[in-house]
2 protein chains.
Amino acid sequence: MGIVVVGTVAFDTVETPFGRGENVLGGSATYFSTSASFFTDVSLVAVVGEDFPEEHVRFLQSRDIDTEGLQRIPGKTFHWTGRYGFDLNEAQTLDTQLNVLIEFQPNLPESYREAEYLFLANIDPDLQMLVLDQMKEPRLVACDTMNFWISSKKDSLKKVLQKVDIVVINEGEVRQFTGEANLVKAARQIIALGCKRLVVKRGEYGVLMFTADSVFAAPAYPLEDVFDPTGAGDTFAGGFMGYLANTGDLSEEGLRQAIVFGSVMASFNVEDFSLDRMKRLAYREIEARYKHFTSLTNFKDIEIHP
Amino acid sequence: MGIVVVGTVAFDTVETPFGRGENVLGGSATYFSTSASFFTDVSLVAVVGEDFPEEHVRFLQSRDIDTEGLQRIPGKTFHWTGRYGFDLNEAQTLDTQLNVLIEFQPNLPESYREAEYLFLANIDPDLQMLVLDQMKEPRLVACDTMNFWISSKKDSLKKVLQKVDIVVINEGEVRQFTGEANLVKAARQIIALGCKRLVVKRGEYGVLMFTADSVFAAPAYPLEDVFDPTGAGDTFAGGFMGYLANTGDLSEEGLRQAIVFGSVMASFNVEDFSLDRMKRLAYREIEARYKHFTSLTNFKDIEIHP
């Protein structure tokens, strides 16, 4: 039991039509681990600079996240600046200050290496591989990535995709990686690389999970108020992996439930800036929204007349 | 029982990345009635010119579609020319020749006026209203429209939306009509006009059905080969209304099943140009794909621990 996640811990400056957050807590590993912490034990592998406030570390620890793998090195913390328009579907990156990320060399604490679940959140694929190589015998490995690595480090990324069980990426990235416009064909191409499953995130349109011979479609939860989509994908992945680590059920049925839990977590996260909604989220709310997902998608089967 | 549909019967010239169809059979009422004819009796109200071949009329009649309301007047048939790019999501209109549509004055045959189901397919909202006014006491009225009427005849369209039970339109049109970016808020605004339900078509992302206090989400069927999206929305509406007219079940449960039947019909239609897939479709294929939809969306509920 328990998940190790490697990714970024960052400061974000985000502008949406509904407000602005300056130097707020962000990063793929932050969102993932906070979301997963509602379901299971999480151990974090990331780097921050000297400017990273103790208050944020204490928040992660308050969620029982193991921060032994959170390195603090000289320099400034990774800082991302982005903006969303009214459609809220895609962030426009205004500035990226890699800072301490440039020198990051993940080195897993001994206790992390035996974990059964590993999530390689969005970060340089060479670092993802470095972490994967340090793990003893994980039961399930999943990874995310982003357009930047597809265009700049495709070979490294391909090696990662070939070694993981589940790839969790955006719809646009599936098309970008394969050069194939049809999503079903593109999905089959990525699965053919060697991973068993592909989970395609489609923002407000929900998620598709592909295997070589099945597809599962989950909608996104229809929300009247979306304030900040930042971290939705990582929060989704945290709920997905967190639920799997909690139950240990890797059957198709268990994975489908995990997809819905991931969608539930993402739907909460976008209701407020940064991790503010996560900070005041209760587990009974998660269960209640799962129930809402059931009524959102449920329809009656038909009997076929021979 | 039985549906009356008013809309266009047209020649389409369509180009997609996978081929080109020149002067092929098209039009909102054509796609709708062909799709609905798999489920119930359909009576068509539309206009064509002297150039419209008998062969197409015979095709409609071969589907048991009543063509008494299909006027043939001097002049040329409505002709639409459009193109789809690789994403296949939105047609680019290259040319529109209204021709006989300009003088079209729908006049319903006496036998049509008692029909229980009426679909006002995409056509001038003033014509939609003219048809609606000729009906005696329809049990269920639904309508479609398009961006062109929202920008050019919004007041007329608003009057139609206020008089129908179900509005079936594209996601982009919901936002265009309301000026509201959030789809849930926009949907509530349209329902507040007076209709009971709003069915939002999202192309490859499926369908959302809203009432004042519920939402149902259905995915689109994931297809490896989409050749021509023309008519997908009308084919969807035909399956939706056709199934409702067939069962007469207007409960939430019945309407959800109808949404899935509509989605099934649209998924077949896009597999070939024009109505070519409809022409070789068998009812057992429709039932089998409905079953696939069930397995596509199905996930297990959870028990909440008090």
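Summarised in this report is the structure supplied together with it. Since we're looking at a predicted model, the values are computed, not measured. (Residues numbered from 1 in each chain as written. Chains lettered and ligands numbered in written order. Predicted model: local features only at pLDDT ≥ 70, side-chain atom pairs only at ≥ 80, totals over all residues. Heavy atoms only, no water.)

### Here's the deal with the packing of aromatic side chains
For the structure on display, the rule yields 27 aromatic pairs over all chains. Judged by centre distance (6.4 Å) and plane angle (90°), the rings of B:Phe39 and B:Tyr243 are edge-to-face. On the criterion of sequence distance, the pair formed by B:Phe39 in the loop between helix 1 (28-36) and strand 4 (42-48) and B:Tyr243 in helix 8 (residues 232-247) is long-range, its members being 204 residues apart. Here B:Phe39 and B:Tyr243 have matching classes, each one buried. A network of ring pairs unites the aromatic residues A:Phe39, A:Phe216, A:Tyr243, A:Phe261, A:Tyr283, A:Tyr290 and B:Phe299 as a single cluster. Taking the ring centre of A:Phe38 as reference, the NZ or CZ of A:Arg63 above it sits at 3.8 Å. Its guanidinium or amino end placed over the ring of A:Phe59, A:Lys279 lies 4.9 Å from that ring's centre, counting from NZ or CZ. (Phe/Tyr/Trp six-rings, centres within 6.5 Å; stacked < 30°, edge-to-face > 60°. Helix = DSSP H or I, 4+ residues; strand = E, 2+ residues; numbered from the N terminus. Buried < 20%, exposed > 50% of the residue type's maximum accessible area, 1.4 Å probe, protein only. Lys NZ or Arg CZ within 6 Å of the ring centre and 35° of its normal.)

### Observations concerning the nonpolar core
The biggest cluster of nonpolar side chains holds 223 residues, and the ones touching the most others in it are A:Leu120, A:Leu198, A:Phe240, B:Leu120, B:Leu198 and B:Phe240. Setting aside anything within four residues of it in sequence, one finds B:Phe240 in contact with B:Ile166, B:Val199, B:Leu255, B:Ala258, B:Ile259 and B:Gly262. (Core = buried A, V, L, I, M, F, W, Y, C linked by side-chain atoms within 4.5 Å. Contact = heavy atoms within 4.5 Å.)

### Regarding the relation of the copies chain A and chain B
Under the fitted operation, chain A is carried onto chain B by 0.0 Å of movement along the axis and a turn of 180°, and the coordinates agree to an RMSD of 0.0 Å. The transformation just described matches what one would write down for a two-fold rotation axis. Considering only C-alpha atoms, the part of chain A nearest the rotation axis is A:Tyr205, at 3.0 Å. Taken together, the interface assignments show that 100% of the residues at the interface of chain A recur at the interface of chain B, consistent with an identical surface on both copies. (Least-squares fit on C-alpha atoms with pLDDT ≥ 70 in both.)

### Considering the sheet that holds strand 3 (residues 19-26) of chain A
Residues and elements named next belong to chain A. On the basis of which strands lie adjacent, the open sheet formed by 4 strands has the order 3-2-7-8 and mixed pairing. Edge positions in the sheet fall to strand 3 and strand 8 (91-97), since each has one partner strand and no second. Across the sheet, the mean angle separating the axes of adjacent strands is 15° when strand polarity is ignored. Where strand 2 (residues 10-16) lies against strand 3, 6 bridges are found, and the strand directions are antiparallel. Residue pairing across strands places Thr 16 opposite Gly 19, the latter belonging to strand 3. Along the sheet, helix 1 (residues 28-36) contacts strand 2 and strand 3; its crossing angle with strand 3, the most-contacted strand, is approximately 80°. (Pairing = 2+ DSSP bridges. Axes fitted to C-alpha atoms, helices over the stretch in contact; angles between N-to-C directions.)

### Digging into the pattern of salt bridges
Evaluated as defined, the whole model comprises 50 salt bridges over all chains. Between A:Arg113 and A:Glu110 there is a salt bridge, and its shortest N-O distance comes to 3.9 Å. Residue A:Glu110 is classed as exposed on the basis of its relative accessible area of 53%. B:Arg289 is the partner of B:Glu271 in a salt bridge, and the nearest nitrogen-oxygen pair spans 2.9 Å. Taken together, the residues B:Glu271 in the loop between helix 9 (252-269) and helix 10 (276-279) and B:Arg289 in helix 11 (residues 283-297) connect sequence positions 18 residues apart. (Salt bridge = Lys/Arg side-chain N within 4 Å of Asp/Glu carboxyl O.)

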